[in-house]
Amino acid sequence: MTAAPDLSPGTLPLRPELVGLEPYGAPQLDVPVPLNVNENPYPPSEEVVADVAAAVAGATRGLNRYPDRDFADLRADLAAYLEVESGVHREPEQMWAANGSNEIMLHLLQAFGGPGRTALSFAPTYSMYPEYARDTSTAWVMGRRAEDFTLDPESARATVAEHRPSVVLLASPNNPTGTALPLDTVRAVLDAASRVPGGCVVVVDEAYGEFRRAGTPSALELLADHPHLAVTRTMSKAFGLAGARVGYLSASRELVDALRVVRLPYHLSAVTQAVARAALRHAPQLMAQVGSLRAERDALVAWLRDHGFVAADSDANFVLFGTFDDRHAVWQGLLDRGVLVRVTGPEGWLRVSVGTPAETSAFKDALVEVTGR
C-alpha cells in the first residue's frame, strides 16, 4: 500500500514570503457593544429589506444563467449616485465594482503592480495595503505622515520622486486616523506621479468619504483632469452593507478597462448586483443616517477632549484616541465591560467606531471606569 503524502504545513510549497503569517482580521467577539471594525451600527430599514428581498428573489429566478459580467446597470446606478453625492458627473464606463474595496484594491495592484514594481503609501494608514502588495508580488514602501497625521505635500512629492512607484495609495479619510487629505496634497502627489518613468497610478481610497465634514472635498473632483487617478468607495460603511461586499471605483475608461483584464470572470454575482442596486434606490434615506453618525462622531471627539484624552480630528465614522502608556490594558478593561474597540495605529492609541447613542454612552461609561477620568 502506498503511504499517504505528507501534507503538513512544512512540506507544502508555500511562497516563502507567506511562511508563518496569520490571516488578516480584527477580533470577532460576541460582545454587547462591538465598536472595533467601523461598521454602520444601523441595520437596513424594513423598507430597504423588502426592496432587497424582492430584488434578490428576481435575481434568483435567473441563477441558472451567469450574471452580466460587466454589470452595466449597476455601473450606471453608481455613477448616478456619485453625481448626487459629490456633484461630479461620471459615465458608467468610468465605474468599476467588485467584492468590497479589498478586491478593488487587489485588481489595481494586479493591473499596475507586480514583480519589479513598487507600491507606496504613508504611515500610519490602512494595514491591508501592504498585504495587497505582498499578494501581487509588488514591492512595498512606506513614507511618513506628520505627528498630527496630516501629509505634507512637498514631503509626499519628494517621497514619490525618490521611490518612483507604479502605484500610490492614499486613504482619505485615512484609516486609522480619520484624517482627510486636502485636494492640494492630492494634486502634489499626482504631479509627482506624472513624472515617474513608465507611469504611476494614484489611488485615493474614500471608503469613509460620505462621512467627511462639510466643506471637505472629494478627490472625485480631480478625475476629469487626471487619467491616472482612481477614487475608490464602498457600500459597506455609509450604506450599511458590510455583509453584501460591494466596493467600487471611478477612473478613466482606459484605467477601468485595464481592471477588466485582470478580474476573474463573473466576479460579481447576480445576487450581489441586485442587492447593491436595490440599496442605491434608497440612498437618500441611508444618507440621512450618515448625518446622524457625523453628529455623533463630532460629539464624541469633543467629549474625549473634555475628559483629558487626545482625539484626532476625524472625517470618518470612527475616532482615534489616546494616548495610553498601556493601551492593551485599556482595551482589555473596556472588553471586560462589554465594549470592543480596536488596537491599531501608533503605539499608545486606540480606535473606536461611532455607534448608536446607546453604544456610545456605554463606551464612555466604560472608558471612565477603566481610566478614572
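Residues numbered from 1 in each chain as written. Predicted model: local features only at pLDDT ≥ 70, side-chain atom pairs only at ≥ 80, totals over all residues. Heavy atoms only, no water.

Visitor: I'd love a proper account of the overall build of the protein chain, names of residues and values included.
Guide: A count of helices and strands for the protein chain gives eleven helices and twelve strands. The C-alpha radius of gyration of the protein chain comes to 21 Å, within 12% of the 21 Å expected for a compact globule of 373 residues. Along the first, second and third principal axes, the C-alpha atoms of the protein chain reach 70 × 55 × 50 Å. Accessible area for the protein chain stands at about 16,800 Å²; split by element, carbon and sulfur atoms hold 53% of it. Averaging the positions of the 33 positive and the 45 negative side-chain charges in the protein chain gives two centres separated by 4 Å. (Helix = DSSP H or I, 4+ residues; strand = E, 2+ residues; numbered from the N terminus. Rg over C-alpha atoms; globule rule 2.2 N^0.38 Å. Areas by Shrake-Rupley, 256 points an atom, 1.4 Å probe, with all protein chains shown as cover. Lys, Arg positive; Asp, Glu negative; His and termini not counted. Charge placed at Lys NZ, Arg CZ, Asp CG, Glu CD.)

Visitor: Mind laying out the sheet that holds strand 12 (residues 349–353), listing which residues take part and the relevant values?
Guide: Taken in spatial order, the three strands of this open sheet run 9-10-12, and their pairing is antiparallel. Of all the strands in the sheet, just strand 9 (310–311) and strand 12 have a single pairing partner and so form its edges. Helix 9 (residues 283–306) contacts strand 9, strand 10 (318–322) and strand 12 of the sheet and is inclined by roughly 5° relative to strand 10. (Pairing = 2+ DSSP bridges. Contact = heavy atoms within 4.5 Å. Axes fitted to C-alpha atoms, helices over the stretch in contact; angles between N-to-C directions.)

Visitor: Lay out the UniProt feature "domain: Aminotransferase class I/classII large" (unreviewed entry) in the protein chain in plain terms, naming residues and giving numbers.
Guide: Feature annotation in UniProt assigns "domain: Aminotransferase class I/classII large" (unreviewed entry) to the following positions: residues 33–360. Segment residues 33–360 splits into 40% helix and 16% strand. End C-alpha atoms: 9 Å apart. (UniProt positions renumbered as here; feature names shortened; annotations may be inferred.)

Visitor: An account of the pattern of salt bridges is requested, with residue identities and associated values reported.
Guide: Per the stated rule, a full pass over the model turns up 22 salt bridges. With a closest N to O distance of 3.1 Å, D51 and R281 form a salt bridge. On the criterion of sequence distance, the pair formed by D51 in helix 1 (residues 46–60) and R281 in the loop between helix 8 (270–280) and helix 9 is long-range, its members being 230 residues apart. A relative accessible area of 21% places D51 in the partly exposed class. Across the pair R233 and E206 runs a salt bridge, and its minimum N-O distance is 2.9 Å. Of the two residues, R233 sits in strand 7 (residues 229–234) while E206 sits in the loop between strand 6 (201–205) and strand 7, which places them 27 residues apart along the sequence. (Salt bridge = Lys/Arg side-chain N within 4 Å of Asp/Glu carboxyl O. Buried < 20%, exposed > 50% of the residue type's maximum accessible area, 1.4 Å probe, protein only.)

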